[in-house]
Amino acid sequence: MAGDRKTGAPVYQQIAIDLATKISNGKFRPGERISGRSTMAGHYNVSPETIRRAVSILEDAGVVAARPQAGIEILSRDKAVELVHKFRDIEALTAIKNNICELLQSITRQQIELQENVRLLIESSERYKTLNPFMPFELQIAPGSLVVGQSLSSARFWNNTGATIIGIKRGEETILSPGPNTELRARDILVFIGDDETYFRTSSFLSRTAEE
């Protein structure tokens, strides 16, 4: 244990759990006294203050009692077992939290990369539209269109058109990779991918008005 610093927990906590583990395993028994702080500091290669903090954790948990001039007395094996289990639960939760943070960072990087690629695709679409039939189409939503005020999801946009929307131009703003809850507004310019049939279906869908 003296050289173990891999858990990420503060050193004094690691020492407290190491001692609690030894008590729970029967190496130290209730009623016995263990080495004083100075001796343990040398064993764990830490300062006496670090040992004091470790012993304080054990005292608070009811595992030991530290008395001046009398050393450290073991009080309860059951309390030591309980403390070890609690620490392991905390370690497991910490590992889960760290994994979630790493996944969120990965998702954020992927979203940034996706948005950058979509932006480049939109910017290049005008120059290469005549050369590549799979370049994005653009259609503007008229003020009277039935889709105005609806989200992409409520309008069932993909189901009705087959179009994959990769961006929405709204004034000076461009919304990249809009989500299903993105609201469609009058005069929005939809940037989408599809074949010629998809283009005509989308145009027809956007042309529908409340009067029809």
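Cut-offs applied
- Residues numbered from 1 in each chain as written.
- Predicted model: local features only at pLDDT ≥ 70, side-chain atom pairs only at ≥ 80, totals over all residues.
- Heavy atoms only, no water.
- Helix = DSSP H or I, 4+ residues; strand = E, 2+ residues; numbered from the N terminus.
- Expected span 1.5 Å × (residues − 1).
- Buried < 20%, exposed > 50% of the residue type's maximum accessible area, 1.4 Å probe, protein only.
- Pairing = 2+ DSSP bridges.
- Salt bridge = Lys/Arg side-chain N within 4 Å of Asp/Glu carboxyl O.

S.K.: Which residues make up helix H1 (residues 11–24), and what values go with them?
M.R.: Along an α-helix, residues three or four positions apart point the same way, because every turn accommodates 3.6 residues. The end-to-end C-alpha separation of H1 is 20 Å, in line with the 20 Å expected for 14 residues at 1.5 Å each. With eleven of 14 residues buried, H1 is to be regarded as a mostly interior element. When we look at burial in H1, the residues that qualify are Tyr12, Gln14, Ile15, Ala16, Ile17, Asp18, Leu19, Ala20, Lys22, Ile23 and Ser24. Of the residues trailing H1, Gly26 is marked for its positive phi of about 90°.

S.K.: Kindly report on the sheet that holds strand E3 (residues 71–74), identifying the contributing residues and their values.
M.R.: Reading across from one edge, E1-E3-E2 is the order of the three strands in this open sheet, with antiparallel pairing throughout. At either end of the open sheet lies a strand with only one pairing partner, and these are strand E1 (33–34) and strand E2 (64–67). For E1 and E3, the ladder comprises two bridges, and the chain directions are antiparallel. Considered in E3, the bridge of Arg33 is made with Glu73.

S.K.: An account of the pattern of salt bridges is needed here, citing residue identities and associated values.
M.R.: It is possible for side chains of opposite charge to pair when their charged atoms get near one another. In this structure the tally under the stated criterion is five salt bridges. For Lys22, the salt bridge identified is with Asp18, shortest N-O distance 3.3 Å. Here Asp18 and Lys22 lie together in helix H1, a separation of four residues that amounts to about one turn. Comparing Lys22 with Asp18 shows no difference in burial state: the two are buried. Between Glu73 and Arg33 there is a salt bridge whose closest N-O contact spans 3.9 Å. Residue Glu73 is found in strand E3, and its partner Arg33 is found in strand E1; the two are separated by 40 residues along the sequence. Take Glu73: its relative accessible area is 18%, and that puts it in the buried class. Look at Arg33 and you get partly exposed, because its relative accessible area is 49%.

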